[in-house]
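Tertiary structure, described
Here's the letter readout for the chains.
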Amino acid sequence: MATANPMFTVAEAKPDKLRSLGIIALNGMFDEMDAEGVLRQAAEELLPDDLAIVSSFGADSAVLLHVVSKVNPDLPVLFLETGKHFPETLAYVETLKAHLGLTNVLALHPESGDIERFDPKGNLWETDPDSCCHIRKTEPLEKVVSGYGGWVTGRKRFQTSDRGVLPHFELTSDDRIKVNPLAYFTHADIETYKAEHGLPEHPLYDKGYKSIGCAPCTSAVAEGEDPRAGRWRGLNKSECGIHFDFNGKIAAPMSQSEKTLFKDGEFKADPWRAWAEDDVAADVRYTHVPVTVFLEHREAFLASPHPIGLQVNPGEKVEDVADDLDRFSSVAINFPAFTDGRGYSSARLLRERYDYKGELRAVGDVLTDQIPFMRRCGIDAFIVTHKATREALEKGALAEVSHYYQPVGLGDVPAGTRPFLRRKDT
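Residues numbered from 1 in each chain as written. Predicted model: local features only at pLDDT ≥ 70, side-chain atom pairs only at ≥ 80, totals over all residues. Heavy atoms only, no water.

**Quick look at the environment of Val-179**
- Mapped onto the fold, Val-179 is located in strand β6 (residues 177-179).
- Not counting the four nearest positions on each side in its chain, Val-179 is found in contact with Val-38, Ala-42, Leu-51, Trp-151, Val-152, Thr-153, His-168 and Phe-169. (Helix = DSSP H or I, 4+ residues; strand = E, 2+ residues; numbered from the N terminus. Contact = heavy atoms within 4.5 Å.)

Shown next, in the form of structure tokens:
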């Protein structure tokens, strides 16, 4: 990834504030600049070779994509091919590519394993549209956008009340720059621009579809209705989850210091939460469920289409859920303060005996000197609240351990090792 403007790249707490001030400065400097000027500034000055366009190829997408074609038709344009689009939308992608000369349109698909696991019948949108959006939109986009310093959207203030204070430049929770060249366009501006430049209309627009997403969750709107009233009609939902809005109503931006999940070498926003006493087994999603709770409501959890995780507390046996491990996208092993090492044994059992391939995280009293041992037992994610441990991870300053007393890993387990730790093939 190319290096962005230095004012946006320092990762510690104080520079985070400077990044935020930098975004305010950008909006002040370019507040009255037109859409082409905003995009050109972002693509050529702020983030050269480090910027992607995200387009739904919906009702108004031709306007932003026309601006893209004027600035640089080779800019990467990311299209989330969710597998749920109208056929008219897929045809419109090809129409605009040809009409505007866009040479770098990339279709992003959801992971087939996620679809097979959580939406095998293709009807997750009926019962859990948030999880459907997460699997089909948020996760595929995050994986690609993480390779860029910033990305461009076609959002506009007039679309919903939640977008009413949308600026040209935003700072996302992972310190990337989000650019909204059309933020100040009105509905009349959009219509005028399309007419003046002879842009092809989305085939469904004249049928009353003023905001177009996936087919199952999009309906036509009546005269005078909010343009996005047809998205997730009747549900308390107005966004798919890929946007962090300036006013915080869609998803509150999270500062780097607030992130507690350390994974793949960095602190990240965490979509998971712990089980609460008033949770309902059939309804929870992205929740770590204690072993005892899972066993008590096993049939409900297995029947639920929602993504769930498992929490293993000291004394709980992973053997009891061995046949159901494929049901869990994440397993959290609890390490309470001043306890024994049962959490390490649970991790080893999951990785070595039961060949668990999903995320394995440590939660609880996670400290600097424990992490090398946790990693050795197969744990690859950590919830860190201890300040010194956080600083050590950020600086890559964990202590090195050169000698271990217990055999772990892919080699042979010597005779005499406690039987319950031996892999199933030994």
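**As for the environment of Leu-124**
- The topology assignment puts Leu-124 in helix α6 (residues 124-127).
- Remark: the alpha-carbon pair of Leu-124 and Ser-304, spanning 180 residues in sequence, is separated by 9.9 Å.

**Brief notes about empty space enclosed by the protein**
- Taken as a whole and judged by the stated rule, the model has three cavities of 30 Å³ or more.
- The space that makes up the second largest cavity amounts to roughly 110 Å³.
- As for the second largest cavity, its lining consists of 15 residues, and the residues nearest its centre are Cys-132, Cys-133, Lys-137, Cys-214 and Cys-217.
- A breakdown of the residues in the lining of the second largest cavity according to their chemical character gives eight nonpolar, three polar and four charged. (1 Å grid on protein atoms, 1.4 Å probe; cavity = no way out; pocket = protein on both sides within 12 Å on 5 of 7 lines; lining within 4 Å. Points joined across faces, edges and corners; volume = space filled by probe spheres on them. Nonpolar A, V, L, I, M, F, W, Y, C, P; charged D, E, K, R; others polar.)

**Considering the confidence of the model for the chain**
- Residue-level pLDDT values for the chain average 81, and 79% of them are 70 or greater.
- Within the model, the stretch residues 1-15 combines pLDDT values under 50 with 31 contacts to residues more than four positions away or in other chains.
- Of the regions scoring below 50 in pLDDT, residues 160-164 engages in 17 contacts with residues more than four places distant in sequence or in other chains. (pLDDT = per-residue confidence, 0-100.)

**Quick notes on the sheet that holds strand β12 (residues 328-335)**
- Here we have eight strands laid out as an open sheet, ordered β8-β7-β14-β13-β12-β11-β10-β9, and mixed in their pairing. Edge positions in the sheet fall to β8 (266-268) and β9 (273-274), since each has one partner strand and no second.
- Bridge count for strand β11 (residues 308-312) against β12 is four bridges, and the pairing is parallel. Bridged to Leu-310 within β12 is Val-331.
- Helix α11 (residues 342-353) contacts β11, β12 and β13 (359-364) of the sheet and is inclined by roughly 155° relative to β12. (Pairing = 2+ DSSP bridges. Axes fitted to C-alpha atoms, helices over the stretch in contact; angles between N-to-C directions.)

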